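Chain by chain, the residues run as shown.
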Amino acid sequence: MPKGSFRGGVHPPGNKSSTAGLSIVRAQRPSQVVVMLRQATRSALTPIVEKGSAVLMGQKIADSEDRRAVPVHSPVSGKVTGIVTVRAWNGCLEPAVAIESDGEDTLADSVAPVAEVEALSREELLAIIRDAGIVGMGGAEFPTHAKLALPANVKADTFIINGAECEPYLTADHRLMVERPADVVRGAQILMSAVGVSKGIIAVEDNKPDAAEALRHAARAAQGIEVAVVETKYPQGSEKHLIKSVLGRSVPPGCLPFHVGVVVNNVATAVAVADRFDRGMPLIERVVTVTGSAVASPANVLARIGTKAQELIDQCGGYSMEPGKIVFGGPMMGCPIPSTDVSISKGTSGILVLSQAEAKRIEPIAC
């Protein structure tokens, strides 16, 4: 079978071998979480708790009148220690809710599976997805319900689940596809229903044959869903490039995927949708690849939103050498963080700890 591709692209070293074969491990429960209130829409959420409030795991703690934004929920049970201003991963000072864990993880009453999902309307599906705080987890953090709510004059025919994960070092999506393929498929089915399409394609780069096989097996009984293997290169995970590789359609400049009848969501987003509908859990945790030559024991960890970066690095053995740069995400599109005291967000797919030699600025040369 020919592999989907697009013209051009580059082939940086993958540097995935240290974590690609490692199963996801649950990170230790943090004693405190700091949940950021500024999102990709740039709308700051309004806290609905205050200092001293008791909160339960999965309880909504902040929301917005801006319906494009999504709420955030407490990833632990415990007590709010303050509505604070802290340094975010992008270096900006941002509002946040600080919560001290009580060590119990007592669930909120709102955490309950959704019954008779197939009977729900598209509007009802979108409302549940929004209320669960689900966003694009490939890094952009754009609210998923807003992406699925297509303009009235637009009709999509295909939904693509993006499992390319072309960013070097990162293997969080890879491990989700290997370990939770049924949930990837289940989330895809719900997302397809929310958009009103009957054709779904899960796209996987050819350097992840175990993921492709696991997904094919999981999709056998799922009507309308297939797995497409695409060429490993950068930026295969870019929506427009992936659409070209999978469907041969070109998204014109200034247009979005829905203009050519396609909606694209990340693999982790699909799993988050399955978690909400089948288990009742809003988006309060995600898989993060902690890796790089300067981290002692690279790993794929399931971590709670609001956990400090340093805590996750420490749980991976700390530093193997003096770090030169620490990045949220991968080396191509990631963002260097100002300190390891910052908290992970819903879009933090990786914590990349580079050595001083790797982080050294390269002197420019003539082309």
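The coordinates are above.
Residues numbered from 1 in each chain as written. Predicted model: local features only at pLDDT ≥ 70, side-chain atom pairs only at ≥ 80, totals over all residues. Heavy atoms only, no water.

Caption draft 1: A nonpolar patch on the surface, seen in detail. Together, Val10, Met332 and Met333 give the surface a local cluster of nonpolar side chains, amounting to about 310 Å² of exposed area. Note that Met332 resides in the loop between β15 (323-328) and β16 (335-336). Judged by its relative accessible area of 37%, Met332 falls in the partly exposed class. (Patch = residues over 30% accessible without salt bridge, like charges linked within 9 Å, V, L, I, M, F, W, Y side chains within 5 Å. Areas by Shrake-Rupley, 256 points an atom, 1.4 Å probe, with all protein chains shown as cover. Salt bridge = Lys/Arg side-chain N within 4 Å of Asp/Glu carboxyl O. Helix = DSSP H or I, 4+ residues; strand = E, 2+ residues; numbered from the N terminus. Buried < 20%, exposed > 50% of the residue type's maximum accessible area, 1.4 Å probe, protein only.)

Caption draft 2: Broad picture of the sheet that holds strand β10 (residues 199-205). What the four strands build is an open sheet, ordered β11-β10-β9-β12; its pairing is parallel. Because the sheet does not close on itself, it has two edges, and the strands there are β11 (225-230) and β12 (262-266). Neighbour-to-neighbour, the strand axes of the sheet open up by a mean angle of 25°, direction not taken into account. Where strand β9 (residues 158-163) and β12 come together, five bridges link them in parallel fashion. The partner of Thr158 across the bridge, within β12, is Val262. The sheet contacts of helix α8 (residues 267-279) involve β9 and β12, and relative to β12 the element is tilted by about 80°. (Pairing = 2+ DSSP bridges. Axes fitted to C-alpha atoms, helices over the stretch in contact; angles between N-to-C directions. Contact = heavy atoms within 4.5 Å.)

Caption draft 3: How the structure looks around unusual backbone geometry. Cis geometry is found at the peptide bond from Tyr234 to Pro235, where omega equals 5°. Along the polypeptide, Pro235 turns up in the loop between β11 and α7 (239-247). If you check the backbone angles, Asp105 has positive phi at about 55° while not being a glycine. Within the secondary structure layout, Asp105 lies in the loop between β8 (93-101) and α2 (122-131). Using a relative accessible area of 19% as the deciding quantity, one classes Asp105 as buried. A positive phi angle, near 45°, is found at Glu165, a position not held by glycine.

Caption draft 4: View of the environment of Ile326. Here Ile326 is to be found in strand β15. Its relative accessible area of 11% is what places Ile326 among the buried residues. Taking the C-alpha atoms as reference, Ile326 lies 33 Å from Ala188; in sequence the two are 138 residues apart. Among residues more than four places away in sequence, those in contact with Ile326 are Ile313, Tyr319, Cys335, Pro336, Ile337, Thr340, Ile351, Leu352 and Val353.

Caption draft 5: Looking closely at the pattern of salt bridges. For the structure shown, the criterion picks out 20 salt bridges. When the shortest N-O distance is used, the salt bridge between Asp278 and Arg186 registers 3.1 Å. With a gap of 92 residues between them, Asp278 in helix α8 and Arg186 in helix α5 (residues 181-195) connect regions that are remote in the sequence. For Asp278, a relative accessible area of 31% translates into the label partly exposed. Given a relative accessible area of 18%, Arg186 falls into the buried group. Among the ionic pairs, Asp341 bridges to Lys308, the shortest N-O distance being 3.1 Å. With a gap of 33 residues between them, Asp341 in the loop between β16 and β17 (350-355) and Lys308 in the loop between β14 (299-304) and α9 (309-315) connect regions that are remote in the sequence. Among the residues examined, Asp341 registers a relative accessible area of 51% and is labelled exposed.

Caption draft 6: How the structure looks around the sheet that holds strand β5 (residues 60-63). Taken together, the three strands give an open sheet; going across it, the order is β3-β5-β6, and neighbouring strands pair in antiparallel fashion. Each having just a single partner strand, β3 (46-47) and β6 (72-73) make up the two edges of the open sheet. Direction of pairing for β3 relative to β5: antiparallel, over a ladder of two bridges. Note that in β5 the partner of Pro47 across the bridge is Ala62.

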